[in-house]
Amino acid sequence: MIGAPDFWWRKRGGALLAPLGALYGAVVWMRLKAKGGGAGVPVICLGNPTVGGAGKTPAALAVAHLLLAAHERPFFLTRGYGGRLSGPVRVDPAFHHASDVGDEALLLARLAPTIVARDRVAGAKAARLGGASVIVMDDGFQNPSLAKNLTILMIDGGRRLTPRSPAPRRWS
């Protein structure tokens, strides 16, 4: 998986980018304060604040397993990273390929109905109309267009948030 460049994590490695980072942070903060559209059903968002994998897809699958055990009807909502379709489209693993909807969407669709949509509000509407009792968003933390009832922030324990954060404790 492609992640953040190594120099970002070295001491003062990103110092030249700090002014740009502050500006970007202010813009993101304003976007995140915006009120998103409602889905009509509860929305659980698994997201991360950095580039690269932080375990969102395995966590989304675990949340969906819990919801299925509670007799809910979860639908996954994802952007379809790596796919060409902008949606909203309901993923059919027998018909769609990774080039259409992205590999994560195909993985999610093996467990529960999955909607790929760049427009998260339109995707949530498609999920609700398809029978969703709850929507599990695989990613979407930085996207304020859809109101979320619960956001779970995923942090890569190997990278941490800053280079000065203490290393994660290894249990043996």
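Everything discussed here concerns the structure shown above.
First, a word on what this report is: a plain description of the structure on this page. Because the structure is predicted, anything quoted here is derived from the model rather than measured.

A tally of helices and strands in the chain yields five helices and six strands. Put simply, the chain runs from its N terminus to its C terminus through helices and strands in the order α-β-α-β-β-α-α-β-α-β-β. Looking at the chain as a whole, 34% of its 172 residues qualify as buried.

In space, the six strands of this open sheet follow the order β3-β4-β2-β5-β1-β6, with mixed pairing throughout. Single-partner strands in this sheet number two, and they are β3 (89–90) and β6 (150–153). Relative to strand β5 (residues 134–138), strand β1 (residues 43–47) runs parallel, the two being bridged by four bridges. Note that in β5 the partner of Val43 across the bridge is Ile135. Of the strands in this sheet, β2 (74–78), β4 (114–116) and β5 are in contact with helix α5 (residues 120–129), which crosses β2 at around 160°.

Let's shift gears to the pattern of salt bridges. Opposite charge on two side chains permits them to pair, given that their charged atoms come into close proximity. In the structure shown here, the tally under the stated rule is one salt bridge. A salt bridge links Arg84 to Asp100; its shortest N-O distance comes to 2.8 Å. With a gap of 16 residues between them, Arg84 in the loop between β2 and β3 and Asp100 in helix α3 (residues 98–101) connect regions that are remote in the sequence. Classification of Arg84 by relative accessible area gives exposed; the value is 60%.

A word on the side chain of Thr114. Summarising the element assignment, Thr114 is placed in strand β4. Discounting residues that sit within four places of it in the chain, Thr114 has contacts with Phe76, Thr78, Val89, Arg90, Val91, Ala105, Leu108 and Ala109.

Buried residues dominate β5, accounting for five of its five residues. Burial along β5 is two-sided: the face carrying Val134, Val136 and Asp138 and the face carrying Ile135 and Met137 are both buried. Relative to β5, β2 runs parallel, the two being bridged by five bridges. Looking at the pairing, Pro74 lines up with Val134 of β5.

The subject of this paragraph is α5. Along α5, the residues that are buried comprise Arg120, Gly123, Ala124 and Ala127. For α5, the buried positions fall inside an angular range of 100° around the axis, keeping them on one side. Structurally, α5 contributes buried residues whose contacts are with β2, β4 and β5. With a side-chain oxygen lying 3.1 Å from the backbone nitrogen of Val121, the N-terminal cap of α5 falls on Asp119. Positive backbone phi, approximately 110°, marks Gly131, located one or two places after α5.

We now examine the side chain of Lys56. With respect to the helices, strands and loops of the structure, Lys56 is situated in helix α2 (residues 56–69). Excluding anything up to four places from it in sequence, Lys56 contacts Leu46, Gly47, Asn48, Asp138, Asp139 and Met154.

Moving on to a nonpolar patch on the surface. The grouping of Leu20, Leu23 and Val27 at the surface amounts to a nonpolar patch, some 300 Å² of accessible area in total. In this structure, Leu23 sits in helix α1 (residues 18–33).

A word on the environment of Gly55. Note on placement: Gly55 falls in the loop between β1 and α2. Taking the C-alpha atoms as reference points, Gly55 and Asp138, 83 residues apart in sequence, are found 9.9 Å from one another.

Taking 1.5 Å of rise per residue, the 14 residues of α2 would be expected to cover 20 Å, and the 20 Å separating its terminal C-alpha atoms lies within 8% of that figure. Considered for burial, the residues of α2 that qualify are Lys56, Thr57, Ala59, Ala60, Leu61, Val63, Ala64 and Leu67.

Scoring rules and cut-offs
Residues numbered from 1 in each chain as written. Predicted model: local features only at pLDDT ≥ 70, side-chain atom pairs only at ≥ 80, totals over all residues. Heavy atoms only, no water. Helix = DSSP H or I, 4+ residues; strand = E, 2+ residues; numbered from the N terminus. Buried < 20%, exposed > 50% of the residue type's maximum accessible area, 1.4 Å probe, protein only. Pairing = 2+ DSSP bridges. Contact = heavy atoms within 4.5 Å. Axes fitted to C-alpha atoms, helices over the stretch in contact; angles between N-to-C directions. Salt bridge = Lys/Arg side-chain N within 4 Å of Asp/Glu carboxyl O. Arc of directions from axis to C-beta. Polar contact = N/O pair within 3.5 Å; in protein donor to acceptor, adjacent residues only side chain to side chain. Patch = residues over 30% accessible without salt bridge, like charges linked within 9 Å, V, L, I, M, F, W, Y side chains within 5 Å. Areas by Shrake-Rupley, 256 points an atom, 1.4 Å probe, with all protein chains shown as cover. Expected span 1.5 Å × (residues − 1).

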